[in-house]
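Notes for the structure review
So you can see what is in the structure, the chains are spelled out below.
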Amino acid sequence: MLIGGLQKFSLLDYPGRIAAIIFTKGCNFRCHFCYNPMLVWPEKKAGRLKNISSISPVKSVSVSNEASQKDHALIREDGLFDFLTKRRNKLEGVVITGGEPTLHKDLPGFIKKIKKLGYLVKLDTNGTKPEMLEKLIKEKLVDYLAMDIKAPEDKYQKVVNARVDFKKIEKSVRIIRESGLPHEFRTTMVPGLLGKEDIEKIGRLIKGADNWFLQKFKGGTDLVDESFQGLSPFKDKEMGEMVKTGRKYAERCEAR
Ligand code: SF4
């Protein structure tokens, strides 16, 4: 597994659980607003492996999928598993995020090792690999699923800045909704890319979901597209209006 980062402790990223977060490296999207560019661009790949003892914990942030993450040397798997073994009594879960974890063919084997230690596993995904999701669910390797819904179909490619097979996105939504597992969908509301009019369209795609979080765009940091850095987010009142519309489609819809 190509591991680009580790956050040793989080109370925010796995609902109701104390968790560590593992950041896998590499992504097939290039979302303009992504604030993990070092995990996304292959040319920024660090060339050497680092033991986790020499890496400071990444600071905890309030947005679950895309924690700010500054130390980008690849982390050795053996060091990571030593850490998880030692923390078994303190941590309850492990969040696997990215980048895009489902791109890695060794993900099932990697999670098996984590589950052998007794951890619950939450997986964050962009939904482009439904076949991997099916496998993980079938083999009971995930306990909580979180998928980004980037945009309605007509805007998807523009928002993720890459080619998209939208049928795969739809399939992943279906698999997650029918999995019987606790789950959430998240949409980052970026002014200029998405607006109020998109909430209904996205809502129809995830209708009946457990949770749908509308995430406020955050600028002022390294982003995949630097031209978005100075962009102002939607105001709280605007987010509130969008949440109100979103509540027609999910059991729970909140802004964060
Ligand atoms: S899918 Fe997630 S990790 Fe990949 S570019 Fe988009 S925001 Fe970044």
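Residues numbered from 1 in each chain as written. Predicted model: local features only at pLDDT ≥ 70, side-chain atom pairs only at ≥ 80, totals over all residues. Heavy atoms only, no water.

Gly98 connects to Gly99 through a cis peptide bond whose omega is 10°. Along the chain, Gly99 turns up in the loop between strand 5 (93–97) and helix 3 (107–116). In this structure, Lys140 is a non-glycine residue whose phi angle is positive, near 55°. Along the chain, Lys140 falls in the loop between helix 4 (130–138) and strand 7 (144–148). Residue class for Lys140 comes out exposed when judged on its relative accessible area of 66%. Even without glycine at this site, Asn161 takes up a positive phi of about 60°. (Helix = DSSP H or I, 4+ residues; strand = E, 2+ residues; numbered from the N terminus. Buried < 20%, exposed > 50% of the residue type's maximum accessible area, 1.4 Å probe, protein only.)

On to the environment of Gly180. Tracing the backbone shows Gly180 in the loop between helix 6 (166–178) and strand 8 (183–189). Overall, Gly180 belongs to the exposed group, its relative accessible area being 70%. In sequence terms Gly180 and Tyr144 are 36 residues apart; their C-alpha atoms lie 9.8 Å from each other.

Bringing the confidence of the model for the protein chain into the picture now. Here the protein chain averages 89 in pLDDT, and 88% of its residues register 70 or above. In the model, residues 53–71 has pLDDT below 50 throughout and makes 57 contacts with residues more than four positions away in sequence or in other chains. (pLDDT = per-residue confidence, 0-100. Contact = heavy atoms within 4.5 Å.)

So, on to the nonpolar core. The biggest cluster of nonpolar side chains holds 71 residues, and the ones touching the most others in it are Leu84, Phe110, Ile114 and Trp212. Residue contributions to this core peak at five residues, all from helix 6. Beyond its immediate sequence surroundings of up to four residues, Leu84 is in contact with Ile22, Val94, Ile114, Leu117 and Tyr119. Listed in part, the seven residues of the second largest apolar core include Tyr14, Ile21, Val95 and Tyr144. (Core = buried A, V, L, I, M, F, W, Y, C linked by side-chain atoms within 4.5 Å.)

Following both chains from N to C, one finds helix 2 (residues 77–86) and helix 3 inclined at 25°, their axes separated by 10 Å at the closest point. In this view, helix 2 runs roughly parallel relative to helix 3, as classed from their interaxial angle. For the element pair helix 2 and helix 3, the recorded crossing hand is right-handed. Residues Glu77, Leu80, Phe81 and Leu84 of helix 2 form the contact with helix 3, whose own contacting residues are Phe110, Lys113 and Ile114. In terms of residue class, the contact of helix 2 with helix 3 is made up of five nonpolar, no polar and two charged. (Axes fitted to C-alpha atoms, helices over the stretch in contact; angles between N-to-C directions. Parallel < 35°, antiparallel > 145°, perpendicular 65-115°, else oblique. Left-handed = near helix turned anticlockwise from the far one by under 90°. Nonpolar A, V, L, I, M, F, W, Y, C, P; charged D, E, K, R; others polar.)

In this section: the packing of aromatic side chains. Counting across every chain of the model gives three aromatic pairs. Ring plane angle 55° and centroid distance 5.8 Å describe the contact between Tyr14 and Tyr144, whose orientation is recorded as tilted. Here the residue Tyr14 occupies a position in the loop between strand 1 (3–10) and strand 2 (19–24), and Tyr144 occupies one in strand 7, the gap between them amounting to 130 residues. Plain terms: the ring middles of Phe81 and Phe110 are 5.7 Å apart, the flat faces sit at 75° to each other, and that makes the pair edge-to-face. Of this pair, Phe81 sits in helix 2 while Phe110 sits in helix 3, and the two are 29 residues apart along the sequence. An identical accessibility class is assigned to Phe81 and Phe110; each is buried. (Phe/Tyr/Trp six-rings, centres within 6.5 Å; stacked < 30°, edge-to-face > 60°.)

Among the surface-exposed residues, Phe9, Leu11 and Leu12 lie close enough to one another that they form a single nonpolar patch of about 320 Å² accessible area. Examined against the element boundaries, Phe9 turns out to sit in strand 1. According to the relative accessible area criterion, Phe9 is partly exposed, its value standing at 46%. (Patch = residues over 30% accessible without salt bridge, like charges linked within 9 Å, V, L, I, M, F, W, Y side chains within 5 Å. Areas by Shrake-Rupley, 256 points an atom, 1.4 Å probe, with all protein chains shown as cover. Salt bridge = Lys/Arg side-chain N within 4 Å of Asp/Glu carboxyl O.)

Moving on to the sheet that holds strand 10 (residues 250–255). If you walk across this open sheet you meet the eight strands as 1-2-5-6-7-8-9-10, and the pairing is mixed. Only two strands of the sheet have a single partner each, and these edge strands are strand 1 and strand 10. Across the sheet, the mean angle separating the axes of adjacent strands is 20° when strand polarity is ignored. In the sheet, strand 2 pairs with strand 5 via five bridges, with the strands oriented parallel. Residue pairing in the sheet places Ala19 in a bridge with Gly93 of strand 5. Along the sheet face, helix 2 touches strand 1, strand 2 and strand 5 and points at about 10° away from the line of strand 1. (Pairing = 2+ DSSP bridges.)

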